[in-house]
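The chain contents come next:
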Amino acid sequence: MQLGIDDISFATADRYLDLATLAPVHGVDVDKFRIGLGQDRMSVCAADEDVVTLAAAAAQPLVESLSAAELRTVRTVLLATESGIDQSKSAAVYVHHLLGLDPACRVVELKQACYSGTAALQTALALVARNPEQKVLVICSDVARYELDSPGEPTQGAGAVAMMISADPRLVVIEPASGLHTADVMDFWRPNYRSTAVVDGRLSIRAYLDTLKAAWLDYQDQGGEPFASFDAFCYHQPFTRMAVKAHAHLTKVVGQPLDAASAEAQVADTLRYNRVIGNSYTASMYIGLVSLLDHSERDLAGARVAFFSYGSGAVGELFAGVVRPGYRDHLRTAAHQELLERRREVDHAEYLRLYDVPNPTDGGDHPVPAQTSGPFRLAAITGHQRVYERTAQSAVDGIARAAASAPAATTTATTLPAAG
Ligand code: COA
């Protein structure tokens, strides 16, 4: 029985900052960001966007494409994030509600820095192996924030990716062998009292590359495929240049060294979306996969793709997938490109205002201004509750069936106008 990714879609924030705007603020040439980091733009969340709204937006097209009977086979939702909105309640429960999914469902959030989406994927595969009639909805959603004026600031971003995991998948079969590596490293972490991560950037790059090598060696020990059998490589991308560095490193590890330009050519199609989205932590490698599938001029049917998932702290996993014949008929390329084109550019002043958007902690009634043009929004924080609702865009994008089966909206105390 073959198991893997049957459908995939991503969402990102409503706005973006061009890194040409940020370069003079940092007093550097924009090529440091464009060439040195491989980033052109960063997605910036509107005041009413967060990991819940992004996750629901990413998953909406997948849910909407299922019949009512198929929807009932989605009995698990796994949401991976390292920028969650609650220490106790899973962001996935809000998303489950917003999407109108069946109540007969197990719903949970997973955390291990940027890696946990892969833990969710592997868990989903195991659940489907146990009952091939069921599907698992895996969502990775993150808002990457660093301190202003820090080296990490230009690598910020926001995004979510949703994957429907099933037997006999239409897009990518995930093979059983996996290479694993965990080591206790303090390269990036976020204590409960901080809204931005504490980062040792240089150490994080070293830890990423060391983990890649160890995971590759474990993958070989576990009976993984030889390097020469791979047609494409998809790496975690905290900034896209990191994938180029990683690929050059792996070629050295396997004794077939490549210069940077050749290494870049081999991963180029996986970088295109993340160059303009920025870091999306758990989602970034899977947005890399969407980018590869959406952009490859070559028909990838039968191609074996290597995936390297890394989460600071540090956990890494290297595994492989094989692209299914006919995959192109099931991609959402036009919707992804339209989403990126629909974003609105912000200037530096607006970026700063959105960076400092209030996060009230007093338990009062705090409506959130309607800003996003996405399908879901945070409407209010009231009585310590986050209140979400669908926007007019949700109806435009079409969620008629899910809306019909779902309870009204999570809105209880506040009704705000839909996004304008
Ligand atoms: N034109 C082209 N390239 C330029 C340049 C210019 N004008 N100016 C600088 N660069 C290059 C540098 O040579 C360097 O390239 P290299 O890495 O190939 O040597 C690159 O831009 C980055 O510059 P550098 O000064 O070395 O680093 P930085 O202080 O900007 O920090 C990170 C980079 C990644 C450490 C920082 O963005 C960070 O902390 N990010 C968050 C953590 C992270 O993403 N970790 C990754 C693993 S998870």
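Our subject is the structure that appears above.
The structure displayed is predicted, hence computed values, not measured ones.

Conventions adopted
- Residues numbered from 1 in each chain as written.
- Predicted model: local features only at pLDDT ≥ 70, side-chain atom pairs only at ≥ 80, totals over all residues.
- Heavy atoms only, no water.
- Pairing = 2+ DSSP bridges.
- Helix = DSSP H or I, 4+ residues; strand = E, 2+ residues; numbered from the N terminus.
- Axes fitted to C-alpha atoms, helices over the stretch in contact; angles between N-to-C directions.
- Contact = heavy atoms within 4.5 Å.
- Near = heavy atom within 4 Å.
- Polar contact = N/O pair within 3.5 Å; in protein donor to acceptor, adjacent residues only side chain to side chain.
- Areas by Shrake-Rupley, 256 points an atom, 1.4 Å probe, with all protein chains shown as cover.
- Nonpolar A, V, L, I, M, F, W, Y, C, P; charged D, E, K, R; others polar.
- Core = buried A, V, L, I, M, F, W, Y, C linked by side-chain atoms within 4.5 Å.
- Buried < 20%, exposed > 50% of the residue type's maximum accessible area, 1.4 Å probe, protein only.

J.: Even after reading the chapter, I still don't get the sheet that holds strand 16 (residues 376–382), so can you show me in this structure?
T.: The strands making up a sheet associate through hydrogen bonds between their backbones, and the pairing can be parallel or antiparallel. One open sheet accounts for 3 strands, arranged 15-16-17; its pairing is antiparallel. Edge positions in the sheet fall to strand 15 (365–367) and strand 17 (385–390), since each has one partner strand and no second. In this sheet, neighbouring strand axes are inclined to one another by 25° on average, regardless of whether the strands run parallel or antiparallel. The pairing of strand 15 with strand 16 spans 3 bridges and is antiparallel. Paired with Asp 365 across the strands is Thr 382, a residue of strand 16. Here helix 3 (residues 51–64) sits on the sheet in contact with strand 16 and strand 17, set at roughly 155° to strand 16. Helix 5 (residues 91–98) contacts strand 16 and strand 17 of the sheet and is inclined by roughly 30° relative to strand 17.

J.: Before we go on, may I ask you to explain the site of the ligand in this structure?
T.: Residues in close proximity to the ligand total 18 residues, the closest being Lys 32, Pro 151, Arg 202, Ser 204 and Lys 245. Pro 151 is positioned such that a nitrogen or oxygen atom in its backbone is 2.9 Å from an oxygen atom of the ligand. Interatomic distance of 2.5 Å between a side-chain N/O atom of Lys 245 and an oxygen atom of the ligand. Contact with the protein chains covers 69% of the free accessible surface of the ligand, which is 970 Å². Contributions of two or more residues to the shell around the ligand are made by helix 2 (30–37) and helix 7 (201–221). Among the residues making up the shell around the ligand, the classes are represented as 8 nonpolar, 5 polar and 5 charged.

J.: In this structure, what is going on with the nonpolar core? I would like to understand it.
T.: Among soluble globular proteins, nonpolar side chains are generally buried collectively. One finds Ile 5, Phe 10, Leu 99, Leu 137, Ile 139, Val 161 and Ile 165 to be the most contacted residues of the largest nonpolar core, which totals 82 residues. In contact with Ile 5, other than residues within four places in its own chain, are Met 163, Met 164, Ile 165, Pro 169, Arg 170, Leu 171, Val 172, Ile 174 and Leu 289. Judged by nonpolar contacts, the second largest core, of 43 residues, contains Tyr 208, Tyr 219, Phe 233 and Leu 250.

J.: Looking at this model, I keep getting lost on the environment of Ser 150. Mind explaining?
T.: Topologically, Ser 150 is positioned in the loop between strand 6 (135–144) and strand 7 (157–167). A residue is classified by how much of its surface remains accessible, and Ser 150, at 16% relative accessible area, is buried. There is a polar contact of 2.6 Å between the side chain of Ser 150 and the backbone oxygen of Glu 147.

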